[in-house]
Amino acid sequence: MPTRTISLTRYLVEQQRHDGRIPGELRLLLEVVARACKRISYEVNKGALGEVLGTAGSENVQGEVQKKLDIIANEVLIEANEWGGHLAAMASEEMDGIYLVPNRYPHGEYLLMFDPLDGSSNIDVNVSIGTIFSVFKKDPGQDGVSEADFLQPGRQQVAAGYCVYGPQTTLVLTVGDGVAMFTLDRELGSFVLTQENVTIPEDTQEFAINMSNMRHWAPPIRRYVDECLQGVEGPREKNFNMRWIASMVADVHRILTRGGIFMYPWDQREPTKPGKLRLLYEANPMSWLVEQAGGAAHNCQQRILDVQPTALHERVSVVLGSKNEVERVLQYHLEAQQ
Ligand code: AHG
Ligand code: MN
Ligand code: MN
């Protein structure tokens, strides 16, 4: 007898059937996003054999040089999602403004936001990268759709997830009922449920931060990392390990798998920016996944999911992962204000 496998399709159908958690339209949306991720995964895997490596010779609205795969992944997600009738509009890290579903297709009530290719600096060096996505509902009282519809706090997300293209391709998803992981079975061509009820341990001895920015950090972040570095001889009385992949998807995936703390805080390099990571495409979906797995996420002042966005490409400071460590970092910020 073959072992019973649960495909993503079946998982979503059961979520819809058992408690109506996912309306049919949302189920369709998530299946389409997953299909797009599968396609991106195949493009990523072509590497030097396909036309997918290197820069595209253009910049995005945030002034970052676009890689070919940034653009390919963006196009795959747009093309896959525009015709299904479940969306009102999309927004992407790689597009200046929102993308309205063309009038030739039916319009739905959902809003989809994505970072089509996270970890762009890792593409050409064959290190894990990914796609991050976040789904909201449009205000039903309003006709049409505008940028303002996208400026909702992260706690109003109805689905969020990412797909990591690493040694395996893994799709990680929440619809507000915990976190589930699906591994791409390349022989079947489908995502198969490989872990449910993902839980982040409350304590950890592993931190992730780009240490090269240390001299630019605010004192509470320096204090936290300093204490970790002192190991058993320091106030924490235990040794810490460090990891930094430079793909948020891969760092968060590790934290969902075995715990840890991830930080991309504000720093003095660009003091007017709250941080590097984008609130709508990166911080919100990752924060909801982490909270759904029992972890915590804040911007050194408040819960990220409570931040009221004011602009599409807004940035935010990010501290997320194992609850007790994340709360400690927040505590150090509170103490510094006294
Ligand atoms: P993106 O490739 O979508 O621009 O995101 C990259 C982000 C994030 O994935 C990662 O954690 C961080 O940038 C790495 O930044 P540094 O190169 O400054 O370490
Ligand atoms: Mn990114
Ligand atoms: Mn990106």
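Everything below is about the structure printed above this text.
What counts and how
Residue numbers run consecutively from 1 along every chain, following the written order of its sequence. Here every chain gets a letter starting at A, and every ligand a number starting at 1, in the order they are written. Selection of residues for local features in this predicted model requires a pLDDT of at least 70, selection of side-chain atom pairs for listing and counting requires 80 or more, and totals for whole chains, interfaces and linings are taken over all residues. Note that water and hydrogens are dropped before the side-chain values are worked out from all heavy atoms of the structure. To qualify as a helix, a DSSP run of H or I must reach at least 4 residues; to qualify as a strand, a run of E must reach at least 2; elements of each kind are numbered from the N terminus. To estimate the expected span of a helix, count its residues, drop one, and scale the result by 1.5 Å. Exposed residues in this analysis have more than 50% of their type's maximum accessible area, buried residues have under 20%, and partly exposed residues fall in between, with area computed by a 1.4 Å probe over protein chains only. Throughout, a contact is declared for two residues whenever any of their heavy atoms are within 4.5 Å. A pair of aromatic rings is counted whenever rings of Phe, Tyr or Trp (Trp by its six-membered ring) have centres within 6.5 Å, and the orientation is called stacked for planes under 30 degrees apart, edge-to-face for over 60 and tilted otherwise. Our definition puts a charge over a ring when NZ of Lys or CZ of Arg is within 6 Å of the ring centre and also within 35 degrees of the ring normal. Any two strands with at least two DSSP-identified bridges between them are counted as paired. Orientation is described by axes fitted as lines to C-alpha atoms, over the contacting stretch for helices, and by angles from 0 to 180 degrees between their N-to-C directions. In this analysis a donor is any N, O or S atom within 2.8 Å of a metal ion (3.2 Å for sodium, potassium and calcium), and since water is not included, sites may seem incomplete. What counts as a salt bridge is simple: a side-chain nitrogen of Lys or Arg found within 4 Å of a carboxyl oxygen of Asp or Glu. Here the angle decides the label: under 35 degrees means roughly parallel, over 145 means roughly antiparallel, 65 to 115 means roughly perpendicular, and every other value means oblique. Crossings are sorted by hand: turned counterclockwise from the far helix by less than a right angle, the near helix makes the crossing left-handed, and turned clockwise it makes it right-handed.

1. Some remarks on helix 3 (residues 68-81)
(1) Moving on: With 14 residues, helix 3 ought to run about 20 Å at 1.5 Å a step, and its terminal C-alpha atoms sit 20 Å apart, in line with that.
(2) Moving on: Listed as buried for helix 3 are L69, D70, A73, N74, V76, L77, I78, A80 and N81.
(3) Moving on: The secondary structure elements touched by the buried residues of helix 3 are helix 2 (24-46), strand 2 (65-67), strand 3 (87-92), strand 4 (99-100), strand 5 (110-118) and strand 6 (129-137).

2. Remarks on the packing of aromatic side chains
(1) Moving on: Inspection of the entire model under this criterion finds 4 aromatic pairs.
(2) Moving on: Here the aromatic rings of W244 and F262 are separated by 5.3 Å at their centres, their planes lie at 20°, and the arrangement is stacked. Taken together, the residues W244 in the loop between strand 12 (241-242) and helix 6 (248-258) and F262 in strand 13 (residues 261-264) connect sequence positions 18 residues apart.
(3) Moving on: Here W244 falls in the partly exposed class, since its relative accessible area comes to 25%.
(4) Moving on: Using a relative accessible area of 1% as the deciding quantity, one classes F262 as buried.
(5) Moving on: Taking 5.9 Å as the distance between ring centres and 55° as the angle between the ring planes, the aromatic pair formed by W244 and Y264 counts as tilted. Here W244 is found in the loop between strand 12 and helix 6, whereas its partner Y264 is found in strand 13, with 20 residues between them in sequence.
(6) Moving on: Residue Y264 is classed as buried on the basis of its relative accessible area of 9%.
(7) Moving on: Among the aromatic residues, those joined into a cluster by ring pairs are W244, F262 and Y264.
(8) Moving on: When the ring centre of Y42 is taken as origin, the NZ or CZ atom of R186, which lies over that ring, is 5.1 Å away.
(9) Moving on: Across the ring face of Y332, the terminal group of R223 is positioned such that the distance to the ring centre comes to 3.6 Å.

3. So, the sheet that holds strand 17 (residues 318-321)
(1) Moving on: One open sheet holds the 5 strands; their spatial order is 12-11-13-17-15, and the pairing between them is mixed. Here the strands that pair on one side only, and so sit at the sheet edges, are strand 12 and strand 15 (296-298).
(2) Moving on: In terms of strand pairing, strand 15 meets strand 17 through 3 bridges, oriented antiparallel. When the bridges of strand 17 are listed, H298 appears paired with V319.
(3) Moving on: Against the sheet, helix 5 (residues 219-229) touches strand 11 (206-208) and strand 13, its axis set at about 140° to strand 13.
(4) Moving on: Contacts from helix 6 reach strand 11, strand 13 and strand 17 within the one sheet, and its direction differs from that of strand 17 by about 35°.

4. Some words on the coordination of the manganese ion (ligand 3)
(1) Moving on: Protein coordination at the manganese ion (ligand 3) comes from E93 (OE), D115 (OD) and L117 (O), with a distance range of 2.2 to 2.3 Å.
(2) Moving on: All donors of the manganese ion (ligand 3) come from a single chain, and their spacing in sequence reads E-x21-D-x1-L.
(3) Moving on: Overall, L117 belongs to the buried group, its relative accessible area being 1%.

5. A short note on the pattern of salt bridges
(1) Moving on: Tallied over the full model, the rule gives 21 salt bridges.
(2) Moving on: When the shortest N-O distance is used, the salt bridge between R39 and E43 registers 3.4 Å. One end of the pair is R39 and the other is E43, both in helix 2 and 4 residues apart, which spans about a single turn.
(3) Moving on: Among the residues examined, E43 registers a relative accessible area of 10% and is labelled buried.
(4) Moving on: Put simply, E64, E93, R278, E282 and R315 are held in one network by salt bridges that share partners.

6. Quick notes on the packing of helix 2 against helix 3
A pair of packed helices is characterised by two quantities: the angle between their axes and the separation of those axes.
(1) Moving on: With their axes 9 Å apart at the nearest point, helix 2 and helix 3 run at an angle of 150° to one another. One finds that helix 2 runs roughly antiparallel with respect to helix 3. In the packing of helix 2 onto helix 3, the handedness of the crossing is right-handed. Here L29, V32, V33, A36, R39, I40, E43 and V44 of helix 2 lie close against helix 3, whose contacting residues are L69, I72, A73, V76, L77, A80 and N81.

7. Digging into the coordination of the manganese ion (ligand 2)
(1) Moving on: Coordination of the manganese ion (ligand 2) by the protein involves D115 (OD), D118 (OD) and E282 (OE), with metal-donor separations of 1.8 to 2.1 Å.
(2) Moving on: Counting along the primary sequence, the residues that act as donors to the manganese ion (ligand 2) give the motif D-x2-D-x163-E.
(3) Moving on: Here the manganese ion (ligand 3) and the manganese ion (ligand 2) are spaced 3.7 Å from one another, each receiving a donor from D115. In this pair, D115 is assigned in strand 5 and E282 in helix 7 (residues 279-292), connecting sequence segments 167 residues apart.

8. Topic: the sheet that holds strand 4
(1) Moving on: In spatial order, the strands read 4-3-5-6-7-8-9-10; together these 8 strands make up an open sheet with mixed pairing. Unpaired on one side and paired on the other, strand 4 and strand 10 (190-195) mark the two borders of the sheet.
(2) Moving on: The sheet contact formed by strand 9 (residues 179-185) and strand 10 spans 5 bridges and is antiparallel. Opposite F182, over in strand 10, you have L193 as the bridge partner.
(3) Moving on: Across the face of the sheet, helix 3 comes into contact with strand 3, strand 4, strand 5 and strand 6 while running at roughly 155° to strand 5.

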